[in-house]
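Survey of secondary and tertiary structure
Okay, here's what each chain looks like letter by letter:
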Amino acid sequence: MDPQDKELFIKTNTITWHSSFNQVQPLSLCNENCYQGYHRRKKEGKPFCCYDCVPCADGKISDQMDTDDCFQCPEGHYSNKNKDQCLPKRINFLSFTEPLGITLIFLAVMLSVITVWVLWIFTIHQNTPIVKANNRDLTYYLLISLLLCFNSSFLFIGKPQTLICYLRQTTFSIVFSVAISCILAKTVTVVLAFMATKPGSKLKKWIGKKLANFILLGCSLIQVGICVVWLWIFPPFLNFDFHALAEEIVVECKEGSDVMFYCVLGYLSFLAIISFTVAYFAKKLPDIFNEAKFITFSMLVFCSVWFSFIPSYLSTKGKYMVAVEVFSILASSTGLLGCIFFPKCYIILFQPILNSKDLLIRKK
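Residues numbered from 1 in each chain as written. Predicted model: local features only at pLDDT ≥ 70, side-chain atom pairs only at ≥ 80, totals over all residues. Heavy atoms only, no water.

Labelled according to an unreviewed UniProt entry, the protein appears under the name Vomeronasal type-2 receptor 26-like, originating from Notechis scutatus. Heading Sequence similarities (unreviewed entry) of the UniProt record for the protein holds this comment: "Belongs to the G-protein coupled receptor 3 family." (UniProt positions renumbered as here; feature names shortened; annotations may be inferred.)

Attention now moves to helix H5 (residues 209–233). The first and last C-alpha atoms of H5 sit 36 Å apart over 25 residues, in line with the 36 Å expected at 1.5 Å per residue. Of the residues making up H5, those classed as buried are Leu-211, Ala-212, Ile-215, Leu-216, Cys-219, Ser-220, Gln-223, Ile-226, Cys-227 and Trp-230. (Helix = DSSP H or I, 4+ residues; strand = E, 2+ residues; numbered from the N terminus. Expected span 1.5 Å × (residues − 1). Buried < 20%, exposed > 50% of the residue type's maximum accessible area, 1.4 Å probe, protein only.)

In this structure, Phe-176 and Phe-341 are the most contacted members of the largest nonpolar core, which totals 68 residues. For this core, the secondary structure elements donating two or more residues are helix H1 (99–124), helix H2 (129–132), helix H3 (136–152), helix H4 (162–196), H5, helix H6 (258–282), helix H7 (292–314) and helix H8 (319–350). The element best represented in this core is H8, accounting for 13 residues. (Core = buried A, V, L, I, M, F, W, Y, C linked by side-chain atoms within 4.5 Å.)

What follows covers H6. In a regular helix each residue adds 1.5 Å, so 25 residues correspond to 36 Å; H6 covers 36 Å between its end C-alpha atoms and thus fits that length. Among all positions of H6, only Met-260, Phe-261, Val-264, Leu-265, Tyr-267, Leu-268, Ser-269, Leu-271, Ala-272, Ser-275, Ala-279 and Ala-282 are buried.

So, on to the UniProt feature "transmembrane region" (unreviewed entry) in the protein. The UniProt feature table records "transmembrane region" (unreviewed entry) at residues 100–122, 138–158, 170–194, 214–233, 259–282, 294–314 and 326–354. End-to-end, the C-alpha atoms of residues 100–122 are 33 Å apart, and along that stretch the chain is 100% helix and 0% strand. Across residues 138–158, helical content stands at 71% and strand content at 0%; the span's end C-alpha atoms are separated by 33 Å.

Next up on the list: the pattern of salt bridges. Applying the stated rule across the entire model yields five salt bridges. For Glu-247, the salt bridge identified is with Arg-90, shortest N-O distance 3.9 Å. Pair noted here: Glu-247 is in the loop between strand S8 (237–241) and strand S9 (248–254) and Arg-90 is in strand S7 (residues 90–92), with a separation of 157 residues, a long-range link. Exposure remark for Arg-90: the relative accessible area of 43% places this residue in the partly exposed category. Between Arg-90 and Glu-248 there is a salt bridge, with the nearest N and O atoms lying 3.8 Å from each other. Of the two residues, Arg-90 is situated in strand S7 and Glu-248 in strand S9; the sequence distance between them amounts to 158 residues. Classification of Glu-248 by relative accessible area gives buried; the value is 18%. One connected set of salt bridges, linked through shared partners, spans Arg-90, Glu-247 and Glu-248. (Salt bridge = Lys/Arg side-chain N within 4 Å of Asp/Glu carboxyl O.)

Structure (structure tokens):
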């Protein structure tokens, strides 16, 4: 053993190695090198040369061997499968050219054509009893508003713009409130008409177009007022979400205020529930052309669609969230169109004998 007061010095630069000897200095490692896409993590209680190779987390990469840590990809990029390269993120929105967008466009166009066809049938047969019953003008207003409901779905398809963000939810909510207000006005008119036939009733002065128009305008203007406040104080805005999806940038219209958005939906639900309640109590009134039972079922479909919309809307992201809302718009509008107007179209086209004033008089 060397004495304690002696020290050994080695001058590596003076060492001459034999030409056949590998001149790379030996390394003392407990494990293999960490390749690209991994980083080193020291093993507790082991020498410094002992470490684990840990895969990089999502959004991080390592492009060299034996790195101590992975580094974050720039905003707008994501890490590839091997976690050794950053790739630019794709833009995510519901496009007119992808299969989902094409399907929704086809449904909206087809349903719009059907609505125009129904409106044409009612216009051609406008002087028949089944069209004149329950306020013919309200029927036209309802069909036009349903046509606008179907067309409002086009605002949700395509790359969002600032103006589109302003129009999306407000247009949808206003045209739907007009449609539900028409239904409510039709139902209230039927109920008051039968109540006015009772001896000594003072409700006759309320019967007529003035009451129906008052209900239509009043209920619709309330929704317009909510939307004006929404646009004035908490307007929707265009947003680029870099974090919702790992490999895509979500281009979306944010509501601006979730409270105002749910106020709009809540008011529509309120109108639908009131219409359903009134129609339910009026469905047994003795009139061959009483459409209250069809309105009852249509409101049941409408409420079911929109009550199921909220959890579906909150559980999806990106373009699929938009697709859920477009589908809800189309499904609820189809429910109103089919339940209220298809039975009447069937009578007009295939059972014209039932569309008779004489039959109506005999029934009464």
